[in-house]
Amino acid sequence: DVKVTQSSRYLVKRTGEKVFLECVQDMDHENMFWYRQDPGLGLRLIYFSYDVKMKEKGDIPEGYSVSREKKERFSLILESASTNQTSMYLCASSPSVRTEAFFGQGTRLTVV
Amino acid sequence: ELKVEQNPLFLSMQEGKNYTIYCNYSTTSDRLYWYRQDPGKSLESLFVLLSNGAVKQEGRLMASLDTKARLSTLHITAAVHDLSATYFCAVDDNNNDMRFGAGTRLTVKP
């Protein structure tokens with residue numbers, strides 16, 4: 001089975017802190033994604049990566065950056081956390097373009 | 001820009017009843033996905049629909065795709081409590097990305 005693992009289930013951070021969310025997949029997938037999920041808004045794409053060191057902005061990249069130094073790992077970085085970044089963050093991976101994605105368990109981030 | 005609309009957003013139904021969730025999207029696409037999310041859990045893939053007229057069924061759930069109408073449906077037959085979850089459709093935007101609907105929160109009552 002494909003496994004996508006996010007480093008934390010719950011995080012509480014203070015406004016202005018730099019926050020790292022880590023995601024690791026074990027199936028050698030090319031593509032990795034970061035979404036945030038908010039009630040009534042579904043999932044919104046923050047960034048995705050289709051190869052090591054490659055990244056593309058999604059719909060809501062402002063306030064976020066990403067890093068993909070190794071194929072299996074995709075990190076989401078909040079440079080200076082703000083309260084409006086309180087959300088559920090979901091990482092996903094897929095083997096190639098235009099295929100179904102496999103999701104991690106999510107990280108619920110609260111910024112106070 | 002591709003937009004995906006699901007309706008209804010909330011659905012409360014009795015066990016044993018049938019109902020349909022609708023997913024409309026705004027631009028041409030030939031791939032659509034349905035996911036299920038249980039409370040506090042992540043998304044689980046249910047169906048991948050790859051062409052016009054595609055129909056897939058698993059248990060009490062059946063999904064179909066009409067690319068000409070830009071519409072997918074998820075039909076629930078004889079609902080049971082275990083189907084209570086949030087269901088998302090996602091549409092491939094032909095650009096290495098999926099766009100998700102807002103989700104339909106389904107509650108099945110005894």
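The following refers to the structure shown.

About the thresholds
Residues numbered from 1 in each chain as written. Chains lettered and ligands numbered in written order. Predicted model: local features only at pLDDT ≥ 70, side-chain atom pairs only at ≥ 80, totals over all residues. Heavy atoms only, no water. Helix = DSSP H or I, 4+ residues; strand = E, 2+ residues; numbered from the N terminus. Rg over C-alpha atoms; globule rule 2.2 N^0.38 Å. Contact = heavy atoms within 4.5 Å. Lys, Arg positive; Asp, Glu negative; His and termini not counted. Charge placed at Lys NZ, Arg CZ, Asp CG, Glu CD. Phe/Tyr/Trp six-rings, centres within 6.5 Å; stacked < 30°, edge-to-face > 60°. Buried < 20%, exposed > 50% of the residue type's maximum accessible area, 1.4 Å probe, protein only. Pairing = 2+ DSSP bridges.

**Quick word on the overall build of chain A**
On a plain count of helices and strands, chain A comes out with zero helices and 11 strands. Mapped in sequence order, the helices and strands of chain A form the string β-β-β-β-β-β-β-β-β-β-β. Since a compact globule built from 112 residues should have a radius of gyration of about 13 Å, the 13 Å found for chain A is in line with a globular shape. Considering only residue pairs separated by 6 or more positions, chain A has 54% of its internal contacts joining residues 24 or more positions apart. The average position of the 16 basic charges and that of the 15 acidic charges among the side chains of chain A differ by 5 Å.

**Observations regarding the packing of aromatic side chains**
Aromatic rings in a pair are described by how distant their centres are and how their planes are angled relative to each other. Tallied over the full model, the rule gives nine aromatic pairs over all chains. Geometrically, the ring pair formed by Tyr35 of chain A and Phe103 of chain A is tilted, given 6.0 Å between the ring centres and 40° between the ring planes. Of this pair, Tyr35 of chain A sits in strand β4 (residues 31-38) while Phe103 of chain A is found in strand β10 (residues 102-103), placing the two residues 68 residues apart along the sequence. Classification of Tyr35 of chain A by relative accessible area gives buried; the value is 0%. Between Tyr35 of chain B and Phe100 of chain B, the ring centres sit 5.8 Å apart and the planes meet at 40°, which makes this aromatic pair tilted. Here Phe100 of chain B lies in strand β10 (residues 98-100) and Tyr35 of chain B lies in strand β4 (residues 32-37), a separation of 65 residues in the sequence. Among the aromatic residues, ring-to-ring pairing joins Phe33, Tyr35, Phe48 and Phe103 of chain A together with Tyr35, Phe88 and Phe100 of chain B into one connected group.

**Considerations on the pairing of strand β11 (residues 104-109) of chain B**
All names here are of chain B. Along β11, the buried face is formed by Thr104, Leu106 and Val108; none of Arg105, Thr107 and Lys109, which line the opposite face, is buried. The pairing of strand β2 (residues 10-14) with β11 spans five bridges and is parallel. Along β11, the bridge assignment pairs Ser12 with Thr107. In the sheet, strand β9 (residues 85-92) pairs with β11 via three bridges, with the strands oriented antiparallel. Bridge pairing in β11 places Tyr87 opposite Thr104.

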